[in-house]
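# An overview of the molecular structure
The lines below spell out each chain.
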Amino acid sequence: MNAPLKSQPLNISRRTFIKATALIAGGLVIAFTIPQAKRFLMPGAKPEATGDESKKLPAPNAFLRVGTDNTVTVMLAHSEMGQGIWTTLPMLIAEELDADWSKIKVEHASAAPDYAHTAYGMQITGGSSTTWSEFDRYRQAGALTRAILISAAAQQLDVSVESLKTENGFVISGDQKISYGDLAEAATKIETPKAVTLKDPKDWKVIGKATKRLDGAEKINGTAIFGQDIHFDGLMTAMVVRSPVFGGSVRKFDASAAKQIKGVHKVVQIPTGVAVIADNYWAAKKGRDALKVDWDLGPNAGLDSKALLADFRKKAASPGLNAAKAGDSKVAMAKAEKFVEAEYTLPYLAHSPMEPLNCTVKIDTDTCEIWTGTQMQTTDQQAAAKILGLKPEQIKIHTQFLGGGFGRRANPAADFVSEAVHVAKAAEMPVKTVWSREDDVKGGYYRPMYLHKAKIGLDNNGMPAAWEHVAVGQSIIVGTPFEAFMIKDGIDATSVEGTADSPYLKSVPHYQVSLHTAKTGIPVLWWRSVGHSHTAFVMESLIDELAHTAKKDPLEYRRALLKDHPRHLAALNLAAEKAEWHKPLPKGVFRGIAVHESFGSFVAQVAEVSVEKGEVKVHRMVSAIDCGLAVNPDSLKAQMESSISFGLGAAMQSEITFKDGMVEQSNFHDYQVMRMAAMPKVEVFIVPSTEKMGGVGEPGLPPVAPAVTNAIFAATGKRIRTLPIGNQLV
Amino acid sequence: MITLNINGKEQQLEASDDMPILWALRDVLHLTGTKFGCGMAQCGACTVHLDGQAIRSCVTPIAAAVGKKITTIEAMQNNEVGQAVQAAWSEIDVVQCGYCQSGQIMAATALLATNKQPTDADIDAAMSGNICRCGTYPRIRAAIHVAATKLS
Ligand code: FES
Ligand code: FES
């Protein structure tokens, strides 16, 4: 995972096994996999081929293809969902290959074991992990290909390999040059080298340079194809009516009126409800509106968020399972003179990616093709195979551009893919199952609601001496294949990330963090920044409460507590410097600060906020990140802007609530998200760093809410302990 | 059978009068650049121009477009303002997932067609109906200013 910042010869036979080079479509193909032992395989995942070169490779089994037309096509093992890997991964290959950037083409790879995540062992895009996890593999692919092309050129020119160099898509020998395309065929006869040397970072021309997106043009002129845009002859559109309460089931249904709608072809029952299959969305929707379904609402018909929160509060009255502990917090608490005692709550949240969920399925006798935007090809493939009685390799997944993911399209339960497979199977025709926005808002897999209760005792210097912390909320891991290695002694690591491992606790001699894992019947899932989306709000608010109780400056207070955490400090100091923390602001504007580590990156933010007649206006967010090497600094900045928008919208106004078992929100009028007018000015600064690489898709989010609410406290003296902020100040 | 003028071409289509323009474009004519985001005029992903005005095609039935000109993202490269907007989008590298961007570009083009030098407040007013879940708002704002400068 660590960025090898020194040039080092890689012994490929040891580190990486090269499976094959093969000729496809008149070009050169490189494929290799990381040895099994280096991974933690998901339980149930099929161990992949190890070293058996005769084993037939899935096609196109490769990371790049050099075409005879000089194109270099990069196959992405990960999904492009806005985060920019359509550009960042090709940068890694182009760097080592000395490719001509204008000749780079990009494709989503198929779903195959070769594309398993180098750390997670399955094909997945998430955890802000793509760039660091592919940093070696994609560079190696580029370097190997370059070595092969050089060998081919050396043979052709009858010169030594050492006498050749490469530049911008050419192998150069003195004043002669041969394009990579002209070498592509000859290169297929070259044996793949057993070792390759990666460039010394000081020679990098591409890595570290702000690079424009390769998917920009097609996303500007409307030609980019998302799952929603799939069309072929004979393809039908389906909409599913699902139980209004999670866990409900169909008692009976009457499809007679639905079938009268022009364009409706079939109405079929599937495990999740009833599907209307029609010529197009409009007919499917009208058909669905005309359906009469009698539901057995099941065990969750009484779900009510207020009652649920009251239940969480009751649980929090006593400690839960131990998640982290030092010293004896009880004894230490008894000695403290000043205390901060607070309860924090955060609601369920929907991801609401801009593109509503959809999945196209075409089933043939012994294959099934799926077109969708997914972050988790492996589990989707397994789920589809199980439903159809096929083998996973008989399921072809054509990953399309994702109109946003934020975690919703990485569902271990493969909900929207499984459902679409059931629809196509029952309908016996190719079907695109589409969700309306209402289906998406009401369809579950939310960021879980959380309640945190903390009591902190201060010593006579105003520093925390005893810390007792109880959290109550649902686990997103229970019941998934990840349970075996992400839940230890009853503690879901994602429920306590950011609390149990908080750097602040390292300087508290006596603490206890405990967890009650609640069961509610509400489907939950990782939502951009996962556990950090609630823990950072709580921890950074509490630290602010402590600083004010101790009558200390919130920045200086953090600096004191984080003195042994240089990467936190670097981000904190840079943000504070750029925001001119100690300089006065215009009248009525106040600052708040927060810093948090997540996904291996360290982010500090300063919010500038005014509150007028109870209305909160965020004017400016100054952000600093230490993510180690920034491969594409502009893409990093875009992800920080994105995280700020996403986190701020949620902090200000988003929440999913339940009444009588049902979700109360339905569309963007009542599930409110960030819009242009509320978007503050955003400034992003990158800490120059050669530390271990972290992610950038999520770490910008966790500090947003507390930076803003800490500023609100500075402005009004009111501590926001419940999100969303909504109209609490009115 | 209904006749619509889409991107300067008369097109005949078999669809019910109440079908929103969005679905006629996407599902009948397979012009998929115009996106579906909410279906209730809340997100702007489906924005097209009807006689030059930005409208939400998800709530506008095709019957309301008869005799009028529908312009979609697919024709923006033939429009002077559209070209400037697209060039600015590229210069600022606005897009992320890209799903909202057809709608954003249509809304921005309609704004700049009537307001040559929009202020930030004008941009807020014209663009707040267009949601971007990826949060490209700061870049959209910057790109609109760039396009305005280029056009003047
Ligand atoms: S799809 Fe029309 S405004 Fe959202
Ligand atoms: S770019 Fe993804 S929603 Fe706007």
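Only a predicted model underlies this, so the values are computations on that prediction, with no experimental measurement involved.

Check the secondary structure of chain B and you find 5 helices and 5 strands. Listing the helices and strands of chain B from first to last along the sequence gives β-β-α-β-β-β-α-α-α-α. Its C-alpha atoms give chain B a radius of gyration of 15 Å, within 12% of the compact-globule value 15 Å for 152 residues. C-alpha extents for chain B along the principal axes are approximately 45 × 30 × 25 Å. When the 152 residues of chain B are sorted by exposure, 61% land in the buried category. Relative to all contacts within chain B whose residues are 6 or more apart in sequence, the contacts with residues 24 or more apart total 58%.

The next point concerns the pattern of salt bridges. Per the stated rule, a full pass over the model turns up 42 salt bridges over all chains. Residues joined by salt bridges that share partners form a network here, namely R591, E608, R620, K681 and E683 of chain A.

W467 of chain A together with W89 of chain B are the most contacted members of the largest nonpolar core, which totals 246 residues. In terms of residue count, helix α3 (residues 130–157) of chain A provides more of this core than any other element does, 10 residues in total. Counting residues in each nonpolar core, the second largest holds 29 residues, with V240, F416, V421 and V423 of chain A among its members.

What follows is about the sheet that holds strand β28 (residues 601–612) of chain A. All names here are of chain A. In space, the 4 strands of this open sheet follow the order β27-β28-β29-β32, with mixed pairing throughout. Lying at the two open borders of the sheet, with one neighbouring strand each, are β27 (590–598) and β32 (681–686). Neighbour-to-neighbour, the strand axes of the sheet open up by a mean angle of 20 degrees, direction not taken into account. Both strand β29 (residues 615–626) and β32 contribute to a ladder of 6 bridges, which runs parallel. Across the sheet, V622 pairs through a bridge with E683, a residue of β32. Sheet strands in contact with helix α17 (residues 566–578) are β27, β28, β29 and β32, and its direction is about 35 degrees off that of β28. Together, β28, β29 and β32 form the strand contacts of helix α18 (residues 633–653), whose direction differs from that of β32 by roughly 135 degrees.

Now for helix α4 (residues 120–127) of chain B. All names here are of chain B. Within α4, burial applies to I123, D124 and M127. Angularly, the buried residues of α4 cover 100 degrees about the axis, an arc narrow enough to put them on a single face. Seen from the buried face of α4, the exposed residues on the opposite side, beyond 90 degrees, are A121 and A125. Of the surrounding elements, those touching the buried residues of α4 are α3 (101–114) and α5 (137–151).

Listed by partner, the interface residues are 56 residues for chain A and 51 residues for chain B. Contact between chain A and chain B buries roughly 4,400 Å² in total, counting both sides, with carbon and sulfur atoms accounting for 57%. Considering only the surface of chain A that becomes buried against chain B, I220, M354 and M676 of chain A emerge as the three largest contributors, covering 20% of it. Our count for the chain A to chain B interface comes out at 5 salt bridges. Between D229 of chain A and R26 of chain B there is a salt bridge, with its nearest N and O atoms 2.9 Å apart. Along the contact surface separating chain A from chain B lie 28 residue pairs in polar contact (both at pLDDT 80 or more). Contributions of two or more residues to the side of chain A that touches chain B are made by α5 (216–220), α7 (281–290), α12 (437–442) and α18 of chain A. Considering each element in turn, the side of chain A that touches chain B owes the most residues, 8 residues, to α18 of chain A.

Turning to the side chain of Q83 of chain A, a few remarks are in order. Residue and element names in this part refer to chain A. Relative to the elements of secondary structure, Q83 occurs in the loop between β5 (72–76) and α2 (85–97). Of the polar contacts made by the side chain of Q83, one reaches the backbone oxygen of S79; its length is 2.9 Å. Beyond its immediate stretch of four places on either side in the chain, Q83 contacts T125, S635 and Q639.

This part covers the sheet that holds strand β26 (residues 510–518) of chain A. Residues and elements named next belong to chain A. Ordered by their spatial adjacency, 5 strands build an open sheet running β16-β26-β23-β22-β17, and the pairing between neighbours is mixed. In the strand order of this sheet, the two ends are held by β16 (321–326) and β17 (338–346), each with one partner. With strand direction ignored, the average angle separating the axes of adjacent strands in the sheet is 10 degrees. Of the strand pairs in this sheet, β16 and β26 are connected by 5 bridges, and their pairing is antiparallel. The residue of β26 that forms the bridge with L321 is L515. In the packing of helix α15 (residues 532–549) onto the sheet, the strands contacted are β17, β22 (450–458) and β23 (464–474), and the crossing angle to β17 comes to about 155 degrees.

Along helix α4 (residues 180–187) of chain A, the positions that sit buried rather than exposed are Y180, G181, L183, A184 and A187 of chain A. Within α4 of chain A, the buried residues cover an arc of 155 degrees as seen down the axis, which keeps them to one side.

Our next topic: the domain arrangement of chain B. All names here are of chain B. Considered domain by domain, chain B is made up of domain 1 (2–73) and domain 2 (76–151). Listed by partner, the interface residues are 16 residues for domain 1 and 13 residues for domain 2. Summing both sides of the interface, domain 1 and domain 2 together bury roughly 1,200 Å²; the carbon and sulfur share of this comes to 57%. Counting across the domain 1 and domain 2 interface gives 7 residue pairs in polar contact (both at pLDDT 80 or more). Broken down by element, the residue count for the side of domain 1 that touches domain 2 peaks at 3 residues, all from strand β3 (residues 47–50). Split by residue class, the side of domain 1 that touches domain 2 holds 6 nonpolar, 8 polar and 2 charged.

Reading the values: rules and limits
Residues numbered from 1 in each chain as written. Chains lettered and ligands numbered in written order. Predicted model: local features only at pLDDT ≥ 70, side-chain atom pairs only at ≥ 80, totals over all residues. Heavy atoms only, no water. Helix = DSSP H or I, 4+ residues; strand = E, 2+ residues; numbered from the N terminus. Rg over C-alpha atoms; globule rule 2.2 N^0.38 Å. Buried < 20%, exposed > 50% of the residue type's maximum accessible area, 1.4 Å probe, protein only. Contact = heavy atoms within 4.5 Å. Salt bridge = Lys/Arg side-chain N within 4 Å of Asp/Glu carboxyl O. Core = buried A, V, L, I, M, F, W, Y, C linked by side-chain atoms within 4.5 Å. Pairing = 2+ DSSP bridges. Axes fitted to C-alpha atoms, helices over the stretch in contact; angles between N-to-C directions. Arc of directions from axis to C-beta. Buried area = accessible area lost by both parts, 1.4 Å probe. Polar contact = N/O pair within 3.5 Å; in protein donor to acceptor, adjacent residues only side chain to side chain. Domains from an automatic or database assignment. Nonpolar A, V, L, I, M, F, W, Y, C, P; charged D, E, K, R; others polar.

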